[in-house]
Protein chains: 2
Amino acid sequence: MRAPGQRAGLTRPAVVQAAREVLDDGASFSMRAVAGRLGVAPNALYSHVGGRDELLDLVLDELLAALPAPATDAPRAGLVDLMTATHDLLLAHPRLVPHFVARQGSRGPNARRLGETMRSCLVAAGVVDRGAQDTAIRVLVVHAIGNAALGVAADGAPLPADTLRATYAAGLAWLVDGALGSASAGHPHPA
Amino acid sequence: MRAPGQRAGLTRPAVVQAAREVLDDGASFSMRAVAGRLGVAPNALYSHVGGRDELLDLVLDELLAALPAPATDAPRAGLVDLMTATHDLLLAHPRLVPHFVARQGSRGPNARRLGETMRSCLVAAGVVDRGAQDTAIRVLVVHAIGNAALGVAADGAPLPADTLRATYAAGLAWLVDGALGSASAGHPHPA
DNA sequence: ACCTGAACACCGTTCAAGT
DNA sequence: ACCTGAACACCGTTCAAGT
């Protein structure tokens with residue numbers, strides 16, 4: 001369709017957008033699939049993106065940007081809302097979850113921002129020790145990602161979405177209660 | 001080395017053992033790597049094993065068989081010990097963790113046995129509602145797998161093993177406290 | 001700078017043999 | 001039944017062009 005040297009009008013945002021579309025479609029994600037959607041040779045993507053992992057990181061960070069800022073006046077509820085929104089976001093893009101699992105440590109600016117928002121909630125809730133904040137943040141992030149991954153695992157009994165979200169909410173309440181050191185009753189065994 | 005038709009003396013346990021060795025070595029896991037270690041053509045494995053996923057499931061289940069039975073007289077401590085042993089086991093075989101993440105639902109006999117052991121602990125601790133047991137089991141398993149996956153993610157700051165285990169222990173205490181509905185103080189913010 | 005064609009070094013799995 | 005050789009349908013990525 002195009003001779004070597006002819007421009008295709010590709011841009012970095014366009015590549016990221018195409019990657020999102022491939023991820024949200026049924027097809028399995030690959031560089032070649034993204035290129036195919038753009039009507040371009042597979043290696044053309046490397047002019048705009050470092051590689052597969054970087055591309056997935058970009059998609060991930062773009063999604064995280066959509067997370068709303070939690071209410072600052074009620075820190076516990078704000079934290080719960082924030083983590084629930086994160087979990088919902090992951091469930092809405094299941095094909096991204098495996099990559100999220102592998103990339104838990106290294107993240108983009110919006111992931112970093114999410115971490116700092118969580119820290120603010122913890123501070124406002126009275127968790128002043130920085131090490132305690134780090135522990136709480138890691139545990140909560142693991143819970144969100146791990147639970148989303150549980151929903152992705154398509155084997156045997158696929159685990160209904162209601163059950164998944166109820167399980168997540170129960171664990172989240174226990175973790176937040178624990179991290180905040182309060183004796184307030186959570187939501188005891190839902191379903 | 002061998003003409004088509006010549007036996008190589010391959011057995012199913014030998015294939016599983018070779019897979020374990022490849023996983024615990026530095027090299028990345030592949031059917032071809034397992035076959036290479038056995039001095040056999042890649043497709044020879046399919047005479048003894050259904051495929052890659054089934055082979056990894058077999059390795060996984062063999063590892064889970066090594067988990068010790070927890071003390072039955074102290075249900076809370078037994079549950080904590082059991083989950084800690086599971087976490088340690090996953091940390092000892094990091095290259096298996098991504099597969100474990102993907103396969104959370106469908107498991108072999110020893111995984112099933114682990115689930116029932118957890119249920120027994122919960123019953124002994126006074127959690128009689130079956131739905132509550134299921135929720136607790138899912139949350140605890142997600143915590144163990146998710147935390148182990150966090151240790152595997154080799155990017156940026158690799159997160160020291162001490163920190164990882166301390167984070168796991170803190171989250172585990174919070175979850176067990178929550179699941180058991182007790183107001184007993186856990187281990188507040190370690191590290 | 002951007003894109004193509006061809007290629008490299010991999011994958012998991014299948015199929016038609018051979019004994 | 002067990003194993004081989006060859007092949008199929010994929011991967012991510014690199015390299016040498018072309019404009």
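Residues numbered from 1 in each chain as written. Chains lettered and ligands numbered in written order. Predicted model: local features only at pLDDT ≥ 70, side-chain atom pairs only at ≥ 80, totals over all residues. Heavy atoms only, no water.

Okay, the overall build of chain A next. Secondary structure summary: chain A contains eight helices and zero strands in total. Going residue by residue from the N terminus, the α and β elements of chain A occur as α-α-α-α-α-α-α-α. Considering only C-alpha atoms, chain A reaches an extent of 70 × 40 × 25 Å along its principal axes. For chain A, the residues scored as buried account for 44% of the 191 residues in total. Relative to all contacts within chain A whose residues are 6 or more apart in sequence, the contacts with residues 24 or more apart total 67%. Summed over its atoms, the accessible surface of chain A is roughly 9,100 Å², and 56% of this surface lies on carbon and sulfur atoms. (Helix = DSSP H or I, 4+ residues; strand = E, 2+ residues; numbered from the N terminus. Buried < 20%, exposed > 50% of the residue type's maximum accessible area, 1.4 Å probe, protein only. Contact = heavy atoms within 4.5 Å. Areas by Shrake-Rupley, 256 points an atom, 1.4 Å probe, with all protein chains shown as cover.)

Here the focus is the protein's contact with DNA strand C. Contacts to DNA strand C come from 25 residues, most closely from Arg2, Asn43 and His48 of chain A together with Arg32 and Tyr46 of chain B. The contact atoms of DNA strand C, taken as those within 4 Å of the protein, divide so that sugar and phosphate hold 51%. Between DNA strand C and Met31 of chain B there is a distance of 3.1 Å, counted from a phosphate oxygen to a backbone nitrogen or oxygen. Within the side chain of Asn43 of chain B, a nitrogen or oxygen atom sits 3.1 Å from a base oxygen of DNA strand C. Residue composition of the surface near DNA strand C, grouped by class: ten nonpolar, ten polar and five charged. (Near = heavy atom within 4 Å. Polar contact = N/O pair within 3.5 Å; in protein donor to acceptor, adjacent residues only side chain to side chain. Nonpolar A, V, L, I, M, F, W, Y, C, P; charged D, E, K, R; others polar.)

Residue and element names in this part refer to chain A. Domain annotation for chain A reports domain 1 (4–50) and domain 2 (62–184). Put simply, the middle of domain 1 and the middle of domain 2, counted by C-alpha atoms, are 30 Å apart. Taken together, the contact pairs ten residues of domain 1 with five residues of domain 2. Taken together, the two surfaces of domain 1 and domain 2 that pack against each other cover about 570 Å², and 47% of this comes from carbon and sulfur. The largest contributions to the domain 1 side of the interface with domain 2 come from Arg20, Leu23 and Asp24, which together make up 70% of the buried area. A salt bridge links Glu62 to Arg20, with the shortest nitrogen-to-oxygen separation between them at 2.8 Å. Our count for the domain 1 to domain 2 interface comes out at three residue pairs in polar contact (both at pLDDT 80 or more). Looking at the side of domain 1 that touches domain 2, its residues break down into four nonpolar, three polar and three charged. (Domains from an automatic or database assignment. Buried area = accessible area lost by both parts, 1.4 Å probe. Salt bridge = Lys/Arg side-chain N within 4 Å of Asp/Glu carboxyl O.)

Before going further, it helps to spend a moment on the side chain of Asn110 of chain B. Within the fold, Asn110 of chain B resides in helix H6 (residues 109–124). Filtering out sequence-adjacent residues up to four positions away, Asn110 of chain B remains in contact with Asp61, Leu64 and Ala65 of chain B.

Turning to the protein's contact with DNA strand D, a few remarks are in order. Surveying the vicinity of DNA strand D reveals 25 residues, the closest of which are Arg32 and Tyr46 of chain A together with Arg2, Asn43 and His48 of chain B. Restricting attention to atoms of DNA strand D within 4 Å of the protein, one finds that 51% of them are sugar or phosphate atoms. Here a base nitrogen of DNA strand D sits 2.5 Å away from a polar atom, N or O, in the side chain of Arg32 of chain A. Measuring from a base oxygen of DNA strand D, one finds a side-chain N or O atom of Asn43 of chain A at 3.1 Å. Partitioned by chemical class, the residues of the surface near DNA strand D number ten nonpolar, ten polar and five charged.

This part takes up the side chain of His99 of chain B. By the secondary structure assignment, His99 of chain B is in helix H5 (residues 97–102). If we skip the residues at most four places from it in the chain, His99 of chain B touches Asp53, Leu56 and Asp57 of chain B.

Turning to the nonpolar core, a few remarks are in order. Most often, soluble globular proteins have nonpolar side chains that are buried together. Ranked by size, the top nonpolar core spans 109 residues in total, and within it Phe29, Leu55 and Met118 of chain A together with Phe29, Leu55 and Met118 of chain B carry the most contacts. Ignoring sequence-local partners within four residues, the contact set of Met118 of chain B consists of Leu79, Leu82, Met83, Ile137, Leu140 and Val141 of chain B. (Core = buried A, V, L, I, M, F, W, Y, C linked by side-chain atoms within 4.5 Å.)

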